[in-house]
Amino acid sequence: MKSIIPSMIIAFLCFTTSFAQGSDLPSIEEKWTFNDYKKISGYLDALSIKAYPTLKNEKTKAIFQKIISHDYKEILRDKDLSLGVRIPKAMDHQALIAQIMEKYFSAYMDGQEYGIEIAHLLGTMFNVSAEILLNVEDYAKNIDPKASDYKVRKDGFTLMKSGLTKQLNGTFVSVEDTEASSDEERMILVKEYLTVIIPKIIHFLEDTDKAAFKKRVLQQISVENNKEIKRLLTELTTTM
């Protein structure tokens, strides 16, 4: 089994034997609230590490699809809630996804084949970060320069952009590292996350960071053996 320790450590730094849906789990037929997501981490603790939900298991894929779903975006985009309420909820959600990913990662290192699920969880964490920043963007633009806490708020927004840049670079490590990640896992990150998210957030990056990341992408294109990944990365460079 390939080891994904190097890739996952960098990504982290940047930011029973059978499975059955019990009555303590939220319905997979309805949109989940943040509280619904919180139930999942505890539920995994009650399972054997061999029985975590996976996308290739017809009996469990629906629950995993809910874990990585975009239901949280509905709350983030709810203008009836203040930004002071929405952003902390989203950050709590991201912390929960990270917690779930750690469980899958630990099981992976114990011999379980959860690479695909880890790729999705890693991409979901990046997606949440992007969504948070997109929500904060308009707010940051409208901060009154005369406000007493103007510098603090601006510095906070700058720090968030820096964090997103680090997370982007950390996530891309898993695309570059063909020894650690399978083509299927790398395709998930590129096709379902990076090519979807990067065009939306590329303007947040400082020019030097943007140029450095584009250089990394071009370098990967030059050595990439998977034709579809190469094509997708080539298209991605046109958005930078």
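Basis of the calculations
- Residues numbered from 1 in each chain as written.
- Predicted model: local features only at pLDDT ≥ 70, side-chain atom pairs only at ≥ 80, totals over all residues.
- Heavy atoms only, no water.
- Core = buried A, V, L, I, M, F, W, Y, C linked by side-chain atoms within 4.5 Å.
- Buried < 20%, exposed > 50% of the residue type's maximum accessible area, 1.4 Å probe, protein only.
- Helix = DSSP H or I, 4+ residues; strand = E, 2+ residues; numbered from the N terminus.
- Expected span 1.5 Å × (residues − 1).
- Salt bridge = Lys/Arg side-chain N within 4 Å of Asp/Glu carboxyl O.
- Phe/Tyr/Trp six-rings, centres within 6.5 Å; stacked < 30°, edge-to-face > 60°.
- Axes fitted to C-alpha atoms, helices over the stretch in contact; angles between N-to-C directions.
- Parallel < 35°, antiparallel > 145°, perpendicular 65-115°, else oblique.
- Contact = heavy atoms within 4.5 Å.
- Nonpolar A, V, L, I, M, F, W, Y, C, P; charged D, E, K, R; others polar.
- Polar contact = N/O pair within 3.5 Å; in protein donor to acceptor, adjacent residues only side chain to side chain.
- Left-handed = near helix turned anticlockwise from the far one by under 90°.

Comments concerning the nonpolar core
Here is step 1: Membership of the largest hydrophobic core comes to 68 residues, with the highest contact counts inside it found for Ile40, Ile67, Ile100, Tyr104, Leu121, Ile201 and Leu233.
Here is step 2: The leading source of residues in this core is helix α6 (residues 115–141), at 13 residues.

Observations concerning helix α7 (residues 150–176)
Here is step 1: In a regular helix each residue adds 1.5 Å, so 27 residues correspond to 39 Å; α7 covers 39 Å between its end C-alpha atoms and thus fits that length.
Here is step 2: All of the buried residues in α7 are Phe157, Lys161, Leu164, Thr165, Gln167, Leu168, Gly170, Thr171, Phe172, Val173, Ser174 and Val175.

A few points about the pattern of salt bridges
Here is step 1: Tallied over the entire structure, the rule returns 12 salt bridges.
Here is step 2: Of the charged contacts in the structure, one is a salt bridge between aspartate 71 and lysine 66, with a shortest N-O distance of 2.8 Å. Residues aspartate 71 and lysine 66 agree in their burial class; the two are buried.
Here is step 3: The salt bridge involving lysine 151 is made with aspartate 155; its shortest N-O contact spans 2.7 Å. One end of the pair is lysine 151 and the other is aspartate 155, both in helix α7 and 4 residues apart, which spans about a single turn.
Here is step 4: Lysine 151 sits in the exposed class, given a relative accessible area of 59%.

So, the packing of aromatic side chains
Here is step 1: All told, the structure shown has 6 aromatic pairs when counted by the stated rule.
Here is step 2: A ring pair is formed by tyrosine 104 and tyrosine 114, whose centres lie 5.1 Å apart and whose planes are at 70°; its orientation type is edge-to-face. You can see tyrosine 104 sitting in helix α5 (residues 83–109) and its partner tyrosine 114 sitting in the loop between α5 and α6, a full 10 residues away along the chain. The burial state of tyrosine 104 is the same as that of tyrosine 114; both residues are buried.
Here is step 3: Judged by centre distance (5.3 Å) and plane angle (70°), the rings of phenylalanine 172 and phenylalanine 213 are edge-to-face.

Some thoughts on the packing of α7 against helix α9 (residues 207–223)
Two measures define how a pair of helices packs: the angle their axes make with one another and the distance between the axes.
Here is step 1: Between α7 and α9, the shortest axis-to-axis distance is 11 Å and the interhelical angle comes to 5°. One element, α7, and the other, α9, form an angle in the roughly parallel class. Contacts between α7 and α9 involve Thr165, Leu168, Asn169, Phe172, Val173, Val175 and Glu176 from the first element and Asp209, Phe213, Arg216, Val217 and Gln220 from the second.
Here is step 2: Classifying every residue of the contact of α7 with α9 by side-chain character gives 6 nonpolar, 3 polar and 3 charged.

Focus: the environment of threonine 239
Here is step 1: Turning to its location among the elements, threonine 239 is positioned in the segment after α10 (227–237).
Here is step 2: Distance in space between the C-alpha atoms of threonine 239 and threonine 195 is 9.3 Å, their sequence separation being 44 residues.
Here is step 3: When sequence neighbours within four positions are dropped, the list of residues in contact with threonine 239 reads Pro199 and Ile202.
Here is step 4: From its side chain, threonine 239 meets the backbone oxygen of leucine 236 in a polar contact 2.6 Å long.

A look at the packing of α7 against helix α8 (residues 183–201)
Here is step 1: Contact geometry of α7 with α8 gives a least axis separation of 10 Å together with a crossing angle of 155°. Considered as vectors, α7 and α8 are oriented roughly antiparallel to each other. Our pair here, α7 against α8, has a crossing hand that is left-handed. Residues Leu164, Leu168, Thr171, Phe172, Ser174 and Val175 of α7 lie in contact with α8, whose contacting residues are Arg186, Leu189, Val190, Leu194, Ile198 and Ile201.
Here is step 2: Here the residues of the contact of α7 with α8 sort into 9 nonpolar, 2 polar and 1 charged.

None of this, on its own, says anything about what the molecule does.
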